[in-house]
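Observations on the three-dimensional arrangement
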Amino acid sequence: MQNFGVYSKLAWRLACRNLVRHYVKSILSVVIGMLTIVLLVIYAGNIAGTRSQLQALPKAMEVTGTVCNLNGSQDTGLAIKEKTIDGIIASEEVKDRVFSVQLRAGFGEFTVEEWEGNLSYFAAGINDMAAVAGLKEDEIQFWDQAGESVFASHESSCIMDAGIMQERGLALGDEITLTFFYYRYGDVMSTGHEIFIDPLIAGKKYRIVGAMDISEYLGSFVRPDMLLPFENVRDIFHEQGIDFTADAASFVVKDPFRLNECKDDMHDIGLLSIARDAEYRYDGNALTIKDEQFINAAENLRETMAILTGMLPFVIVIIVFVGYLCSYLLIQGRKGEYATMRSVGTEWGYCFCVLFLEHMLLEILACAMVSLPVLLTGGVSGTVLLLADTVFLLSFLAGSAAALWSFHSLSVMEVLVCE
C-alpha cells in the first residue's frame, strides 16, 4: 500500500512535468477539448430547453372545455342538466370550473300576473367572475369584507349595477327584495324553439355586497344587471321543487397531457362529441375542447426531443472518436519517451497511467475553462453543465485510453533502434 502511494505521487508529478515540457501539444489538446465541450453544452442546453418547454406547456397554453348543444352552434343560453354540472364539479381531471344561470328579476314582490312592467332586469347566477365576459376585477367595488369569494358561496348576496343603484338610491350594504323568473326551454318536438319565462321565487331578500360598472361587456347573452352566487340560485330551484339547469359551463383541463382521460371522464357524465349535422336544440349535452394548438405544440416539442435524445449515442461515438484521434496524433512523437521508460524497467501499467493522467488533467482543465464562465454568467443551468462535462470526460477519455492502449503493442527495441 505504501509503494502504491509513492507510485501515485510519482505518476502525478511526472504527468504534470510532461504537460509543461510538451506545452504546445497540451495547449492544442485543451483547445480541442474546449471546442468539443462548447458544442456539447449547446446540445445539452437544447435538450434541457426543449424538456422545460414541454413541462411548461400546460401553463403557457391552457386547454379549455365548453359545454355546448349537440351540433356545436351554441354554448350559452342552454339547458345544462344538474347532473352534468355535478359531474364536472366532481371530476378530478378539470379545474377552474365556470358556471352561470340566467334569470329575469324585478324589485319587490309581485305575482305572475303583475310581471309586466316589474320584470325589468337581467340577473345571472355565477360561481366565478370569468362567467361574465369582459368583467374586470377593478370594475367591482365590494362592501366591507366581501370579495370574489361571494360567488362561490350560498349566501343571499348580490352585486348590483352601479347605475341602477344610483337610479334607485341604493348603497352598499342595503337589503333589497327581489322576485325572480327563470328561462325554460320548450321541447322542440312540441313547441319548436320557444323559450318560456316562468316564475321562480317572489320576495327574496338579498344584501348588496358590491357595485359593478362593466365598461366593455363581451358576452353573447344580455348584459346582466345583477350577479348572484351560483349555488344560491341553485338552492332556490331546490327549495321550489323545480329542476335546475345551468345556462353555460366551461372548465380548464388540469393536465393536458391526460387529455384522453379527461375526455373519458366527461363522456362518463353524459357529454357527447359534437355532431355538426344534428338538429338544433337547447340541450347542453355536448362538449367542445380547444386542444388543437396544444396538441400541435406538444407533438412538435416531442418530435424535437426524440430527435435530440436519439442523437445522443451518435454524439457520444463522435466524442470518443475525437478523443481517440486527438490523443493518437499527440502521442505519436512520444514513442521514444515511452520506449526509454520501458527500457529502464518501468511497468507498462505505470507508463499507461502517466500518459492517461496527462490527458485527464488537460480535459479537466478544458472543462473548467468552459464551465466556470458559463456558470457564472448564468448561460445554462448547473445540471446542464454537469451533464455536458460528464459525457465529455467519460467519452473523450475513453477514446484517449483506446489510443494509449496502442502503445502496448510497440516493440521497445525497434523504437530504440529507430531513435
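Rules of the game
Residues numbered from 1 in each chain as written. Predicted model: local features only at pLDDT ≥ 70, side-chain atom pairs only at ≥ 80, totals over all residues. Heavy atoms only, no water. Helix = DSSP H or I, 4+ residues; strand = E, 2+ residues; numbered from the N terminus. Buried < 20%, exposed > 50% of the residue type's maximum accessible area, 1.4 Å probe, protein only. Contact = heavy atoms within 4.5 Å. 1 Å grid on protein atoms, 1.4 Å probe; cavity = no way out; pocket = protein on both sides within 12 Å on 5 of 7 lines; lining within 4 Å. Points joined across faces, edges and corners; volume = space filled by probe spheres on them. Arc of directions from axis to C-beta. Patch = residues over 30% accessible without salt bridge, like charges linked within 9 Å, V, L, I, M, F, W, Y side chains within 5 Å. Areas by Shrake-Rupley, 256 points an atom, 1.4 Å probe, with all protein chains shown as cover. Salt bridge = Lys/Arg side-chain N within 4 Å of Asp/Glu carboxyl O. Core = buried A, V, L, I, M, F, W, Y, C linked by side-chain atoms within 4.5 Å. Pairing = 2+ DSSP bridges.

Description of the environment of cysteine 326
- Residue placement: cysteine 326 occurs in helix α9 (residues 312-331).
- Classification of cysteine 326 by relative accessible area gives buried; the value is 7%.
- The sequence separation of cysteine 326 and leucine 28 amounts to 298 residues, and the corresponding C-alpha distance is 9.2 Å.
- Discounting chain neighbours no more than four positions away, the residues touching cysteine 326 are Ser29, Ile32 and Phe396.

Some details on empty space enclosed by the protein
- Applying the stated criterion to the full structure yields 2 cavities of 30 Å³ or more.
- Approximately 80 Å³ is the volume attributed to the second largest cavity.
- Elements with a minimum of two residues in the lining of the second largest cavity: β3 (94-107), β7 (175-185) and β10 (245-246).
- At 3 residues, β7 tops the list of elements feeding residues into the lining of the second largest cavity.

So, helix α7 (residues 259-268)
- Looking at α7, one finds that the buried residues are Leu259, Cys262 and Met266. Angularly, the buried residues of α7 cover 60° about the axis, an arc narrow enough to put them on a single face. Pointing more than 90 degrees away from the buried face of α7 are the exposed residues Asn260, His267 and Asp268.
- Against α3 (82-90), β3, β11 (248-253), β12 (286-290) and α8 (292-310) lie the buried residues of α7.
- After α7 finishes, the residue glycine 270 shows a positive phi value of roughly 105°.

Here we look at a nonpolar patch on the surface
- Together, Tyr23, Val24, Ile27, Val31 and Leu35 make up an exposed nonpolar region whose accessible area comes to about 510 Å².
- Mapped onto the secondary structure, valine 24 falls in helix α2 (residues 23-60).

Quick notes on the nonpolar core
- Counting 52 residues, the largest nonpolar core has Ile88, Leu103, Met160, Phe180, Leu200 and Met266 as its most contacted members.
- When residues of this core are assigned to their parent elements, the largest contribution, 6 residues, is made by β3.
- For isoleucine 88, the residues in contact, after removing those within four places along its chain, are Val67, Val94, Arg97, Phe99, Ala249, Phe251, Met266 and Ile269.
- Listed in part, the 23 residues of the second largest apolar core include Leu40, Ile47, Val315 and Leu385.

Considerations on the environment of threonine 76
- Here threonine 76 lies in the loop between β1 (64-68) and β2 (80-81).
- Judged by relative accessible area, threonine 76 falls into the partly exposed class, the value being 22%.
- Remark: the alpha-carbon pair of threonine 76 and threonine 66, spanning 10 residues in sequence, is separated by 9.6 Å.

Thoughts on the pairing of β7
- The buried count for β7 comes to 9 of 11 residues, which makes it a mostly enclosed element.
- Relative to β7, β3 runs antiparallel, the two being bridged by 5 bridges. Note that in β7 the partner of alanine 105 across the bridge is phenylalanine 180.
- Across 10 bridges, β7 lies against strand β8 (residues 195-212) in antiparallel orientation. Each residue of the ladder has a partner; that of phenylalanine 181, found in β8, is proline 199.

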